[in-house]
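Descriptive structure summary
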Amino acid sequence: MKKLHFSLTLIFLLLLTGCGTFEIIVETPVAFPPVFTDVQESTETSTLEPFNYDDLMAGSMLTPELAGMVFHDDLGVWVVDGSGQARLIGERINGPVLSPNGDQVLFTSEDETVLWLRDLPSGESRILDETPNRMKRGFSWWPERPGVIIYALVEITDPWMGTLGGMNVETGETFLLDSQSPTDYSLSTDGETLVLGARETLRITQWGGSTEIILPENFQMAGWSFSHPSWSPDGTKLSLFASRYNEASAQTEMAVTVLDLQTNQSTIIHSYQAPLGGEYPFTTEWSPDGQWISATTFGELGGRMPALWILSADGSEQHQYPYGSGPVWSTDGSQMLYSQGPEPGGADSSYLAYSLNHISIGTWEAQPLEVAAGSAPEDWVSVP
């Protein structure tokens, strides 16, 4: 499930590698598209077979084990079909997110101000949102609500300010979820519940209903702040980052934490201290089988470089992958893709020094895939 913080990770890596500066003239910002208080939802469930990718241009030949893997390189964005053949979804489309049945793809313009939807069988694209002066980020489908997408409208001059809402792409109707900030969010598989993690305020919101603030003291963590949440597959737990300032060490204490919403118990499964603030693109994400949690930390290795961890949900097992980021789980939770960065101080720190790595859960060894230098993971979907 792609979330807002994944786009911020890419921005962070681009800043590290140095990609120049630019100036944007900003006019008076506008609000999220008109808010519909009674969004009409489609009552029809798609019965279409997943799109057959055979008609798309072929690229690298990988292995059937990687079927459904979505990645990008300099040429464009690719999906691996059932035979292991990479197929071109589109040239230089930005931040692609495939629909649950794999026949549509969301993406933005290069400057992220226009949100597009492409139909892969026909090859036709249409604009969903071109609200001026606002970038469209963190867009994802909600599989349990056919046709519904969630995304943020972010101020060009401040990526921490904006609004969170969404759209029914079948009807064009829009709705507002959060008017205060472009919230980190995660969608529950019940199709009714979202968790919103704006800055340091964690909230659980029911579709069209009430909102509940999650207080750290209710989970025996008074003095901590919660952010960057992610639902467990069964909808009973949250993984997140808890943080607090340690005056004695003058550092921030960071803790990957699991909250059990049924028992109000918390479990810290990984912690460290770093001289960093809280506004880094930390991520947690559950494996589809609920056994593991991926976590991307910053400051743990010194400096501002990321570290990727795969942690057992009960905290009993940990596996570290230095300078890794952008983790993507396979649909069955048996594999992971991630972007492997170079060690600091190397001769090449550009995006070409990054590799697309693969992990088989259980063996834990990371291996680079034979794709173009600078390739990076985007998604993993079910394919025919």
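The structure we're discussing is the one just above.
So, here is what we can say about the structure in this document.

Reading the values: rules and limits
- Residues numbered from 1 in each chain as written.
- Predicted model: local features only at pLDDT ≥ 70, side-chain atom pairs only at ≥ 80, totals over all residues.
- Heavy atoms only, no water.
- Helix = DSSP H or I, 4+ residues; strand = E, 2+ residues; numbered from the N terminus.
- Buried < 20%, exposed > 50% of the residue type's maximum accessible area, 1.4 Å probe, protein only.
- Contact = heavy atoms within 4.5 Å.
- Areas by Shrake-Rupley, 256 points an atom, 1.4 Å probe, with all protein chains shown as cover.
- Pairing = 2+ DSSP bridges.
- Axes fitted to C-alpha atoms, helices over the stretch in contact; angles between N-to-C directions.
- Salt bridge = Lys/Arg side-chain N within 4 Å of Asp/Glu carboxyl O.
- Phe/Tyr/Trp six-rings, centres within 6.5 Å; stacked < 30°, edge-to-face > 60°.
- Lys NZ or Arg CZ within 6 Å of the ring centre and 35° of its normal.

Moving on to the overall build of the chain. When helices and strands are tallied, the chain shows one helix and 29 strands. The 384 residues of the chain split such that 54% are buried. At a minimum sequence separation of 6, the contacts of the chain that also span at least 24 residues come to 47%. With the model as given, the accessible surface of the chain reaches about 17,000 Å², and the carbon-plus-sulfur share is 49%.

Now for the environment of Pro-146. With respect to the helices and strands, the residue Pro-146 is situated in the loop between strand E9 (134-141) and strand E10 (148-155). Classification of Pro-146 by relative accessible area gives partly exposed; the value is 29%. For the pair Pro-146 and Glu-170, spaced 24 residues apart in sequence, the C-alpha separation works out to 8.8 Å.

To continue, consider the sheet that holds strand E26 (residues 335-340). As summarised here, the arrangement of the four strands in space is E25-E26-E27-E28, forming an open sheet in which the pairing is antiparallel. This sheet does not close on itself; its edge strands, each paired only once, are strand E25 (324-329) and strand E28 (366-368). Neighbouring strand axes in the sheet, compared pairwise and without regard to direction, differ in orientation by 30° on average. The pairing of strand E27 (residues 355-360) with E28 spans three bridges and is antiparallel. If you follow His-358 over to E28, its bridge partner there is Gln-367.

Looking now at the sheet that holds strand E22 (residues 292-298). Strands sit in the order E21-E22-E23-E24 across an open sheet of four strands; the sheet is antiparallel. Looking at the sheet topology across the chains shown, the edges are occupied by strand E21 (283-286) and strand E24 (318-322). The sheet shows a mean angle of 15° between the axes of neighbouring strands, taken without regard to direction. Relative to strand E23 (residues 306-312), E22 is paired through seven bridges, and the arrangement is antiparallel. The residue bridging Trp-292 from the neighbouring strand is Ser-312, located in E23.

Burial within E10 is extensive, with seven of its eight residues counted as buried. Judged from the six bridges that link them, E9 and E10 form a sheet pairing that is antiparallel. What sits directly across from Arg-137, in E10, is Ala-152. Pairing between E10 and strand E11 (residues 158-168): eight bridges, direction antiparallel.

Summed over all chains, the structure comprises five salt bridges. Residues Arg-137 and Glu-112 are paired through a salt bridge, measuring 3.0 Å at the closest nitrogen-oxygen approach. Here Arg-137, found in strand E9, pairs with Glu-112, found in the loop between strand E6 (104-108) and strand E7 (115-119); they are 25 residues apart in sequence, far enough to count as distant. Residue Arg-203 is joined to Asp-178 by a salt bridge in which the shortest nitrogen-to-oxygen separation is 2.7 Å. Of this pair, Arg-203 sits in strand E15 (residues 201-206) while Asp-178 sits in strand E12 (residues 174-178); the two residues are 25 residues apart in sequence, bridging distant segments of the chain. Neither Arg-203 nor Asp-178 differs from the other in exposure class; each is buried.

Before going further, it helps to spend a moment on the packing of aromatic side chains. Tallied over the entire structure, the rule returns seven aromatic pairs. The interplanar angle of 70° and the centroid separation of 5.8 Å between the aromatic rings of Trp-142 and Trp-207 together place this pair among those described as edge-to-face. Highlighted residues: Trp-142 in the loop between E9 and E10 and Trp-207 in the loop between E15 and strand E16 (211-214), separated in sequence by 65 residues. The burial state of Trp-142 is the same as that of Trp-207; both residues are buried. With 4.8 Å between their ring centres and 70° between their planes, Trp-292 and Trp-364 make a pair best called edge-to-face. Residue Trp-292 is located in strand E22, and its partner Trp-364 is located in the loop between E27 and E28; the two are separated by 72 residues in the primary sequence. Judged by its relative accessible area of 13%, Trp-292 falls in the buried class. In this structure an aromatic cluster arises from ring pairing among Trp-142, Phe-175 and Trp-207. Across from the ring centre of Trp-142, 5.7 Å away, lies the NZ or CZ of Arg-145, which sits over that ring.

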